[in-house]
Amino acid sequence: MRFIIISNSIIIVLLLFFGCSKDNTTQPISLTDQEAIQTQLTDIDSVGDFIASDEATINDGSPQGLGLEKVTSPITPLMWGRKIDNIQKTVTVVIDGDSVATATIRKMVTGRLIILARMADTSLRLDTVQKMYTKEFRRQVRFIRVARNEDRLKNWRPIAITSILGQTQLRDFGISKLELITPTDTIEMTDTLPKWFRLGVNAGSVPVLNEGDSILIRVRLLSDNEKTEYVSVRHCVHHRFAYRYRERMGVIDSTYNAGKYERQYEKRFQVKLPPTILIARYNAVVDMMSYDSLNDDTEPFMNMIIGFPYIVKK
């Protein structure tokens, strides 16, 4: 029994910090360095799980309730959700000095914001409003050369990954500051430049939490609209699991200065794992949209998301 416990612990540690490589025995060894790096973006769990979960995190599939308040004009949203229709992915690999490589993943996502709403007419009828949108997601992964084998899949190792950014065209609001606070880390962003996270146990690495720990998310927005935005946090969504967690963030502070509204939104959530899973890699995604995106059927969908990678283990 003691041997089994020690073995399981070793397995968890190896999974946590290095990820699992899928069987590459069928892969040709005549790949270029760029092709080998692109293959690792999907075949190594330590980066592949984060990248694959980007679109899964924001794909609701159908409208869902979110405690929307009642409004009078021009529509009253009751439920909403996003459905992804198409994803076009491009990967660009730049090798710097033959020893460091940066892979930039761009995903052009087209989809629909689907709103179940009470229409502003005398019949107070229910109807479904759909808004088409196009959004680009961007994330980067850094690799270092570790060998010069003929099989180039063995020559490169991922060492860092960035936050994920996606947005439509924006008019009403922009981000001022975003904080992610875990029991051991405080991570800040004051702009939309990529935030780098190391893969491993060094300072600045991807946050690692135990199941049941909590994360506090704070975001400050600068807005032109006197009416508050809809800000949610999406968490514990994995591309291999069916779980979908989307929670509304509440306004805890609001000021008006020089023609701008500055609002702070906040939400604490508990990290989760499915019953039979020992470890999972997630993105904590802050999902921000303008007031008119949901409350005016004639206005476009204006949305920004920023996501941070984190790991949960039992």
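Within strand β2 (residues 100-119), 14 of the 20 residues are buried, leaving the element largely enclosed by the surrounding structure. Where strand β1 (residues 75-96) hands over to β2, the hairpin turn is made up of 3 residues, of which Gly-97 adopts a positive phi near 65 degrees. Bridge analysis of β2 against strand β3 (residues 126-145) gives 19 bridges, and the strand direction is antiparallel. Within β3, the residue paired with Arg-118 across the bridge is Leu-126.

It is worth spelling out unusual backbone geometry at this point. Although it is not a glycine, Asp-98 adopts a positive phi angle of roughly 75 degrees. Following the sequence through the fold, Asp-98 ends up in the loop between β1 and β2. Even without being a glycine, Cys-236 presents a positive backbone phi close to 55 degrees. In this fold, Cys-236 is placed in the loop between β11 (230-235) and β12 (245-248).

Below, the discussion takes up the confidence of the model for the chain. In this model, the chain carries an average pLDDT of 84, and 84% of its residues clear a pLDDT of 70 or more. Note on residues 20-25: pLDDT is under 50 here. Beyond four places in sequence and across chains, it has 12 contacts. pLDDT under 50 marks residues 66-73. Its contacts with residues more than four places away, or in other chains, come to 24 contacts.

This part takes up the pattern of salt bridges. Taken as a whole and assessed by the stated rule, the structure comprises 18 salt bridges. When the shortest N-O distance is used, the salt bridge between Arg-112 and Asp-85 registers 2.9 Å. Placement of Arg-112 in strand β2 and of Asp-85 in strand β1 is noted, with a sequence separation of 27 residues between them. Overall, the relative accessible area of 38% leaves Asp-85 in the partly exposed class.

Reading guide: rules and limits
Residues numbered from 1 in each chain as written. Predicted model: local features only at pLDDT ≥ 70, side-chain atom pairs only at ≥ 80, totals over all residues. Heavy atoms only, no water. Buried < 20%, exposed > 50% of the residue type's maximum accessible area, 1.4 Å probe, protein only. Helix = DSSP H or I, 4+ residues; strand = E, 2+ residues; numbered from the N terminus. Pairing = 2+ DSSP bridges. pLDDT = per-residue confidence, 0-100. Contact = heavy atoms within 4.5 Å. Salt bridge = Lys/Arg side-chain N within 4 Å of Asp/Glu carboxyl O.

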